[in-house]
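# Summary of the model geometry
Chain residues, written in single-letter form:
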Amino acid sequence: MSTTAPSDHHVDGVLPTPMRRAGDRLPARQLPMRRKTDFVTRHSVSLIVPARDEARNIPWVFEQIPSCVDEVILVDGSSSDATVAVAKECLPTVRSVQQSGPGKGTALRTGFAAATGEYIVMMDADGSMWPGEIPHYLHFLDNGYDFVKGSRCIAGGGSLDFTRIRAAGNRVLLSVVNHLYRAHLTDLCYGYCAFRRSFLAELDLRSTGFEIEAEMIAHALRSGLRLAEVPSLELPRRSGRSHLHAVADGRRVLRTLIAERPGARAATAVATGEE
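Residues numbered from 1 in each chain as written. Predicted model: local features only at pLDDT ≥ 70, side-chain atom pairs only at ≥ 80, totals over all residues. Heavy atoms only, no water.

## Examining the nonpolar core
Membership of the largest hydrophobic core comes to 33 residues, with the highest contact counts inside it found for Ile48, Phe112, Phe147, Leu188, Leu203, Met216 and Leu257. When contributions to this core are tallied by element, the ones reaching two or more residues are strand S2 (71-76), helix H3 (104-114), strand S4 (119-122), helix H5 (164-180), strand S7 (193-196), helix H7 (212-222) and helix H8 (246-259). With six residues, the single largest contributor to this core is H7. Membership of the second largest hydrophobic core comes to 29 residues, among which are Leu47, Val49, Leu74 and Met129. (Core = buried A, V, L, I, M, F, W, Y, C linked by side-chain atoms within 4.5 Å. Buried < 20%, exposed > 50% of the residue type's maximum accessible area, 1.4 Å probe, protein only. Helix = DSSP H or I, 4+ residues; strand = E, 2+ residues; numbered from the N terminus.)

## Re the packing of aromatic side chains
Each pair of aromatic rings is reported with the distance of its centres and the angle of its planes. Counted under the stated rule, the structure contains five aromatic pairs. Between tyrosine 190 and tyrosine 192 the ring centres are 6.5 Å apart and the planes differ by 65°, which places this aromatic pair in the edge-to-face class. Residues tyrosine 190 and tyrosine 192 agree in their burial class; the two are buried. Every member of this aromatic cluster is reached through a ring pair, and the members are Phe112, Phe147 and Phe195. Just above the ring of tyrosine 145 sits the side chain of arginine 226; from NZ or CZ to the centre is 4.1 Å. (Phe/Tyr/Trp six-rings, centres within 6.5 Å; stacked < 30°, edge-to-face > 60°. Lys NZ or Arg CZ within 6 Å of the ring centre and 35° of its normal.)

Shown next as structure tokens:
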């Protein structure tokens, strides 16, 4: 059937579109001039990667790092393999620093102190976190949030490495943090996070082990930072064995959540006569 019809008829109840004359064209609308503040400022990004004996996993991780990352800091935990050498071979611009003591918490704090970017992203070196998700974290920082954490438990997220013990422990600890801090988080024990470096003082990090991830979230909530969760898919470790001890580290996380709950430090100070 033809798509055109005489002006006094219509086809299937649809009126034909009239042809425009040259004189019918409206003058081009003049766009307003932009102000300087209308342009989005590009923030510098530091990626902190703590690693110990991860030489076989580093190549995959480093080749996935997106171009929005300006600085990669590898925090080496006295590796006995070629972790540092492999990292430099894969990414010549990588900054390698030695952590100042044992434990993942110490490694992360060492990396945070060395970072120069306005935004800090932290992720593991074992291949369980995909660097391609980093832009999602930065999007929320760009739009007013102060601390962004990955969640395996919201739509679009998931885990291919959750054991029954880890999943059960995460649920228990999550219920504790949501109760103590009146929060509505969906995931807790997952160390894929990003935050504004200007808030390092508010985070007031002291932990030396895996519990630092819970400490960061607890202090962010207690300090009133604007926090967002983004979906993240946890992948299986690509090679080697995890340094996590589910039960022992879970206990440390629980002690940290209770000790750092709102008002706990003030109550301790009063009890000890410090105030």
